[in-house]
Amino acid sequence: MLDNLTREQADAEVDVNEVLLSGGFPEEALQIISQERLLPAGVVNRLHRQYPQYSSLNRTTAPIFRGRENYTGLAGFRAAIKTLTKNGIDIDHIDERELFVEVYRFLATRHTLNSIDWNQYQTDSVFQLVFPQPGMINKDVVKKYLAAEKGRARTDIAAEYMQSTNPHDGNQQLNKPWFTNDDGVLEVLAGSQHKYPQTQLIFDKSTQHCFSFCTYCFRHAQVRGDEDMFLQHDIDQIHEYLRKHKEVTDLLITGGDGGFMPAERLEKYVAPLFDDPELLHIRTIRLATRSLTFQPEMVLTKKYEKMLALFDRINENGIQLAWMAHFSTPKELLHPITIAAIRRLQKHNAVLRSQSPMMKHISLFPKADGSVDIERSAQNWIDLGNILNTLSIGFHSMYCARPTGEHHYYTAPLADVSRIFDIVYRSLPSIARPSRHISMTTSAGKLSLMGTSVIDGETVFALKFNEARNMEWIDRVFHAKYDLETNNVSLLNPLEGNSFFFEDELAKIEKELEGSLAEAMRTATSVHMDKTLQEDQSAVADFPQAH
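Residues numbered from 1 in each chain as written. Predicted model: local features only at pLDDT ≥ 70, side-chain atom pairs only at ≥ 80, totals over all residues. Heavy atoms only, no water.

### Thoughts on the sheet that holds strand β16 (residues 527-528)
What the three strands build is an open sheet, ordered β3-β4-β16; its pairing is mixed. Sheet topology places β3 (178-180) and β16 at the edges, where each strand pairs with a single neighbour. The strands that helix α12 (residues 235-244) touches are β3, β4 (186-188) and β16; relative to β3, the one it contacts most, it runs at about 80°. (Pairing = 2+ DSSP bridges. Helix = DSSP H or I, 4+ residues; strand = E, 2+ residues; numbered from the N terminus. Contact = heavy atoms within 4.5 Å. Axes fitted to C-alpha atoms, helices over the stretch in contact; angles between N-to-C directions.)

### As for the pattern of salt bridges
Opposite charge on two side chains lets them pair, provided their charged atoms get close. In the structure shown here, the tally under the stated rule is 19 salt bridges. The partner of D156 in a salt bridge is R152, and the shortest N-O contact between them spans 3.0 Å. Residue D156 and its partner R152 are both found in helix α10 (residues 152-162); the two are separated by four residues, about one turn of the helix. Its relative accessible area of 38% is what places D156 among the partly exposed residues. (Salt bridge = Lys/Arg side-chain N within 4 Å of Asp/Glu carboxyl O. Buried < 20%, exposed > 50% of the residue type's maximum accessible area, 1.4 Å probe, protein only.)

### Overview of helix α17 (residues 336-347)
Over its 12 residues, α17 runs 17 Å from end to end, which matches the ideal 16 Å to within 8%, given 1.5 Å per residue. Across the 12 residues that make up α17, a large majority, nine, are buried. Just beyond α17, the residue with positive phi is N349, at close to 70°. (Expected span 1.5 Å × (residues − 1).)

### Some thoughts on unusual backbone geometry
You will see that R37, though not glycine, has its phi angle at about 50°, which is positive. Checked against the element boundaries, R37 lands in the loop between α3 (27-35) and α4 (41-50). Despite not being glycine, H93 shows a phi value in the positive range, around 55°. Relative to the helices and strands, H93 is located in the loop between α5 (73-86) and α6 (94-103). Of the residues examined, H93 reaches a relative accessible area of 39% and is grouped as partly exposed.

### Notes on the packing of aromatic side chains
Taken as a whole and assessed by the stated rule, the structure comprises 30 aromatic pairs. Ring centres of W473 and F502 lie 5.5 Å apart, and the angle between their planes is 40°; on these two criteria the pair is classed as tilted. Here F502 lies in the loop between β15 (478-481) and α21 (503-523) and W473 lies in the loop between β14 (458-468) and β15, a separation of 29 residues in the sequence. W473 gets classed as buried once you look at its relative accessible area, which sits at 4%. Residue classification places F502 among the buried residues on the basis of a relative accessible area of 7%. Their ring planes at 0° and their centres at 6.0 Å tell us that F500 and F502 sit as a pair that is stacked. (Phe/Tyr/Trp six-rings, centres within 6.5 Å; stacked < 30°, edge-to-face > 60°.)

### Some points on the nonpolar core
Membership of the largest hydrophobic core comes to 156 residues, with the highest contact counts inside it found for W118, F131, F311, W323 and L345. Those residues in contact with F131 that lie beyond four places of it in its chain are F77, I81, I91, F106, L113, I116, W118, M136 and T215. F203, F230, L252 and A288 belong to the second-largest nonpolar core, a separate cluster that totals five residues. (Core = buried A, V, L, I, M, F, W, Y, C linked by side-chain atoms within 4.5 Å.)

### Quick look at the environment of H281
Within the element layout of this structure, H281 appears in the loop between α13 (263-275) and β8 (284-288). In this structure H281 comes out as buried when scored by relative accessible area, which is 10%. Residues H281 and H245, 36 residues apart in the sequence, show an inter-C-alpha distance of 9.2 Å. Discounting residues that sit within four places of it in the chain, H281 has contacts with L242, H245, K246, V248 and T249.

### Describing the pairing of β15
With burial as the criterion, only one face of β15 is covered, namely that bearing F478 and A480; the residues H479 and K481 on the opposite face remain uncovered. Alignment of β14 against β15, held across four bridges, turns out to be antiparallel. Across the sheet, the residue bridging to L463 is F478, located in β15.

This is the structure in structure tokens:
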């Protein structure tokens, strides 16, 4: 379906140079694209002709947002609205949207804002992704906020509501690792999580900002600077922990956004891996970042060449640099600057993969009655999978909305999500399919929804862990009662008995994790845990420049 595009428009040859020159893109990016031949006409025309309904690859109209690169906080939101108003665009519900901004934050880039089709912004996925929407926050809270005087009174209401947003779903605080060093000091890794044996998450001090703010963000504690956010200052502490934990093979640098880490900081993490025989077990560095969606120009600069050179060194030393992108819609990919940035990363040995959440209004589409349009939603993911394959990006995973933030707005019944995934999986060639079944994160682990089965004439959900607090749980398929309405896998009921097979052991594990650190801190003669907080990204904070 071409969505109002004629066949002639879809088949028209794209003049790549004209698109680049009229797009308002940075001159430095244009020079690098030309010098390194990052945007072949064959790639651009193939993708545009296949998917003209999503594509901005032939767009030659002048962008609305020019000059300013970033829009941050309440002041940034108001500046963006001012630009829209000057161009005759009124998105309405401004005060209600500002409540969301005060509770969570607002971050947008020039690239993001110009990616939105402002002629039909109401149904634009990127608009839903970055702009707060009416109906997101509880209507009683909205009513109270709108009735209060502007200024401090409204901010206080937002601050009170902030306490209920559940930023650490899945008992994430239990995942904080610790050890006793050779001097008897208790080392607590305040900016790390180690829940599953092979993978250690690092929330570095340099990665606590984002290029833009996903309105469904499940890491909003990091972005807004909550007191209990994860924040890692000490890199040597990480290496010391790794020497004691040979089961770790993958370091996942996240945030915020891992793309904010400067090359000099990343080098401090990876250089010891090249020569230290006690760190040979580290095989992969994963960089979790949405920069390709929100600010791909970052990759197309001379300054970023330090990072590209480091990627080459990582590859030359036998370690994989996995760039974990986060594409939910074809539109995020079908942009000339994005494609050029992807190809530049690949030329320097970055292995790109995409892992994406299934979110209503963005990658799942509601009908007029609020139910999910199964066929349209599935087609979004089928098209995305094929585009990822064309661009040599691995389709790593799809996952359900986590029960955090405004979960009710984005979530869909598991029964619908399962039907959509089944259509996607059987419609893609095997090489382009997601590498695992759809999953949802719980305290127990990442629980995959394998599909449905029929047992004694009753339809049931088939479930299986793909990560777990006890990795032996992965070996077992188990069943839950089928439910047409439930949107959270933690709310499913077991087919037999009062609990699932793992629940008693999970309660014991959680209790031990909670008690062991508390006891270690109580008995330790000395504790090393850096509690220095990253500066809060308030409405007046400058947007940091990583590269």
